[in-house]
2 protein chains.
Amino acid sequence: MKVQVHVTLKPGVLDPQGKAIHHALEGLGFAGVADVRAGRFFELEVADDVTDADLDAMCAKLLANTVIENYRITRV
Amino acid sequence: MKVQVHVTLKPGVLDPQGKAIHHALEGLGFAGVADVRAGRFFELEVADDVTDADLDAMCAKLLANTVIENYRITRV
């Protein structure tokens with residue numbers, strides 16, 4: 001079973017990578033971009049008996065820094 | 001308007017970050033994970049008149065390395 005995990009910075013946390021990308025897009029001449037937030041994306045191939053609690057623990061312990069990041073788990 | 005961009009390694013491209021995460025998950029005692037692929041995720045806030053062609057160009061020129069990465073654009 002495939003599982004997608006999105007890790008994003010919590011609202012209010014400064015995002016220097018996003019700011020740099022935003023600035024670079026403007027430098028390349030792209031207008032109309034108001035904001036860019038950078039995050040991470042993981043695709044896991046897991047056995048069917050892996051529970052939601054397991055996936056949650058994987059995210060909390062390894063994939064995301066829960067002090068500054070949120071994560072979202074989607075089974076696909 | 002919000003736009004989500006997923007950047008993932010093309011199939012067949014070696015993913016050392018994913019391999020390291022996979023190995024770390026096993027080390028933490030999580031069984032049942034067969035594979036991990038790591039990617040990037042961007043959320044852009046753009047004006048309504050930004051075209052799909054513009055978004056495509058942003059991805060091809062800056063957000064993704066199209067030699068080894070695919071990107072997927074979703075307007076939300």
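Here the structure is a predicted model, which means the values were calculated and not measured.

A. Main features of helix α1 (residues 16-27) of chain B. The terminal C-alpha atoms of α1(B), which comprises twelve residues, lie 16 Å apart, in line with the 16 Å expected from a rise of 1.5 Å per residue. When we look at burial in α1(B), the residues that qualify are B:Gly18, B:Ile21, B:His22 and B:Leu25. Viewed end-on, α1(B) has its buried residues packed into an arc of 100°, placing them on one side of the element. Those residues of α1(B) that are exposed and angled more than 90 degrees off the buried face are B:Pro16, B:His23 and B:Gly27. Looking at the packing, one finds that the buried side of α1(B) touches β2 (33-46) and α2 (52-63) of chain A together with β2 (33-46) of chain B. Backbone geometry just downstream of α1(B) places B:Gly29 in the positive-phi region, at approximately 95°.

B. Main features of the pattern of salt bridges. All names here are of chain A. Applying the stated criterion to the full structure yields six salt bridges over all chains. Its salt-bridge partner being Arg40, residue Glu69 comes within 2.8 Å of it at the nearest N-O pair. Highlighted residues: Glu69 in strand β3 (residues 69-75) and Arg40 in strand β2, separated in sequence by 29 residues.

C. Region of interest: the interface of chain A and chain B. Contacts between the two partners involve 34 residues from chain A and, on the opposite side, 34 residues from chain B. Across the chain A to chain B interface the summed buried area is about 2,600 Å²; carbon plus sulfur atoms make up 70%. Considering only the side of chain A, the residues that lose the most area to chain B are A:Phe30, A:Phe41 and A:Leu62, jointly responsible for 21% of the buried surface there. For the interface between chain A and chain B, the tally reads zero salt bridges. Applying the counting rule to chain A against chain B returns eleven residue pairs in polar contact (both at pLDDT 80 or more). The leading source of residues in the side of chain A that touches chain B is β2(A), at 14 residues. Of the residues in the side of chain A that touches chain B, the class split is 20 nonpolar, six polar and eight charged. Bridge count for β2(A) against β2(B) is 13 bridges, and the pairing is antiparallel.

D. Focus on the packing of helix α1 (residues 16-27) of chain A against helix α2 (residues 52-63) of chain B. One can describe the packing of α1(A) onto α2(B) by two numbers: an axis separation of 11 Å at closest approach and a directional angle of 110°. On the basis of their axis angle, the class for α1(A) and α2(B) is roughly perpendicular. Crossing handedness for the pair α1(A) and α2(B): right-handed. Touching A:Ile21, A:Ala24 and A:Leu25 of α1(A) are B:Met58, B:Leu62 and B:Leu63, all from α2(B). Of the residues belonging to the contact of α1(A) with α2(B), the class tally is six nonpolar, no polar and no charged.

E. Main features of the sheet that holds strand β3 (residues 69-75) of chain B. Strand order in the open sheet formed by six strands is β3(A)-β1(A)-β2(A)-β2(B)-β1(B)-β3(B), with antiparallel pairing between adjacent strands. Looking at which strands have only one partner, the edges of the open sheet turn out to be β3 of chain A together with β3 of chain B. For this sheet, the mean inter-axis angle between neighbouring strands, taken without regard to orientation, is 25°. With seven bridges joining them, strand β1 (residues 2-9) of chain B and β3(B) adopt antiparallel strand pairing. Across the sheet, B:Val3 pairs through a bridge with B:Arg75, a residue of β3(B). The sheet contacts of α2(A) involve β1 (2-9), β2 and β3 of chain A together with β2 of chain B, and relative to β3(A) the element is tilted by about 150°. On the sheet, α1(B) packs against β2 of chain A together with β2 of chain B and is oriented at approximately 120° with respect to β2(B).

What counts and how
- Residues numbered from 1 in each chain as written.
- Chains lettered and ligands numbered in written order.
- Predicted model: local features only at pLDDT ≥ 70, side-chain atom pairs only at ≥ 80, totals over all residues.
- Heavy atoms only, no water.
- Helix = DSSP H or I, 4+ residues; strand = E, 2+ residues; numbered from the N terminus.
- Expected span 1.5 Å × (residues − 1).
- Buried < 20%, exposed > 50% of the residue type's maximum accessible area, 1.4 Å probe, protein only.
- Arc of directions from axis to C-beta.
- Contact = heavy atoms within 4.5 Å.
- Salt bridge = Lys/Arg side-chain N within 4 Å of Asp/Glu carboxyl O.
- Buried area = accessible area lost by both parts, 1.4 Å probe.
- Polar contact = N/O pair within 3.5 Å; in protein donor to acceptor, adjacent residues only side chain to side chain.
- Nonpolar A, V, L, I, M, F, W, Y, C, P; charged D, E, K, R; others polar.
- Pairing = 2+ DSSP bridges.
- Axes fitted to C-alpha atoms, helices over the stretch in contact; angles between N-to-C directions.
- Parallel < 35°, antiparallel > 145°, perpendicular 65-115°, else oblique.
- Left-handed = near helix turned anticlockwise from the far one by under 90°.

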